[in-house]
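Structural characterization, general
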Amino acid sequence: MTTAAAFAAVAAGGASGWYAVAQYWIAFLGAGLLLIDSAVQRLPNVLTLHAGAGTLVLLTAAAAAGEPGSLSRAVAVAAAAGALFTAAALGGMGLGDAKLAVSLGALLGWHSWQAALVALVTSYFLGAVVAIGLLVTGRQHRKSHLAFGPFLIIGTLATLVTST
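Rules of the game
Residues numbered from 1 in each chain as written. Predicted model: local features only at pLDDT ≥ 70, side-chain atom pairs only at ≥ 80, totals over all residues. Heavy atoms only, no water. Helix = DSSP H or I, 4+ residues; strand = E, 2+ residues; numbered from the N terminus. Rg over C-alpha atoms; globule rule 2.2 N^0.38 Å. Buried < 20%, exposed > 50% of the residue type's maximum accessible area, 1.4 Å probe, protein only. Contact = heavy atoms within 4.5 Å. Areas by Shrake-Rupley, 256 points an atom, 1.4 Å probe, with all protein chains shown as cover. Expected span 1.5 Å × (residues − 1). Arc of directions from axis to C-beta.

**A word on the overall build of the protein**
In terms of helices and strands, the protein carries seven helices and zero strands. Reading the protein from its N terminus to its C terminus gives the helix and strand order α-α-α-α-α-α-α. Taken against the 2.2 N^0.38 rule, which gives 15 Å for 164 residues, the C-alpha radius of gyration of the protein at 15 Å falls within 12% of a compact globule. The principal-axis extents of the C-alpha atoms in the protein amount to approximately 50 × 30 × 30 Å. The proportion of buried residues among the 164 residues of the protein is 41%. Within the protein, counting contacts between residues at least 6 apart in sequence, those at least 24 apart form 76% of the total. On the protein, roughly 8,200 Å² of surface is accessible, and the fraction owed to carbon and sulfur atoms is 71%.

In structure tokens, the structure reads:
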């Protein structure tokens, strides 16, 4: 069900070619990562590292095919996202989020810097809304941990659907 919803989101975005394949790659792995992180608050290396490597390979294929987008911008955004989330890991965020941010940043960066910023703001907004809802309903308290990977994935897919 999660994978089908992710694939439907990618299809709704209307991307084509290798860039679409890269989006489906993230949707496929992202569905599993979303479920795993929600359940155990962990993003396994086997999925985050394959997500990053696969995304960069597919975006390289898109660049070689002459598809609209920028591989250099994708790499720059991936590096910036990885650095930002690695720095955030020093403050308590998980390193899995940093590894995931590399592949999501590359995918968003292919499109634009603006898409990457919108996805970041959307992810934090969604996380804040859910956290506040959990606090208000008493399902979590102020010191509870909330998996952030699902919000990164949903924020990325939502941004790609609206900006592609």
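Back to the text.
**A few points about helix H4 (residues 71-89)**
Along its 19 residues, H4 runs 27 Å from first to last C-alpha, staying within 8% of the 27 Å computed at 1.5 Å per residue. Restricting attention to buried positions, one finds in H4 the residues Ala74, Val77, Ala78, Ala81, Gly82, Phe85 and Ala89. Along the axis of H4, the buried positions cluster into a sector of 135 degrees, meaning they face one direction only. Those residues of H4 that are buried lie in contact with helix H3 (45-64), helix H5 (95-111), helix H6 (113-136) and helix H7 (149-163).

**Quick look at H3**
In this model H3 runs 28 Å from its N-terminal to its C-terminal C-alpha over 20 residues, within 8% of the 28 Å that 1.5 Å per residue would give. All of the buried residues in H3 are Thr48, Ala51, Gly52, Gly54, Thr55, Leu58, Leu59 and Ala62. The inward-facing, buried residues of H3 contact helix H2 (17-40), H4 and H5. Within two residues after H3, Gly66 carries a phi angle of roughly 75 degrees, on the positive side.

**What about unusual backbone geometry?**
At Gln41, a position not held by glycine, the phi torsion is positive, near 50 degrees. Structurally, the position occupied by Gln41 is in the loop between H2 and H3. A relative accessible area of 43% means that Gln41 is categorised as partly exposed.

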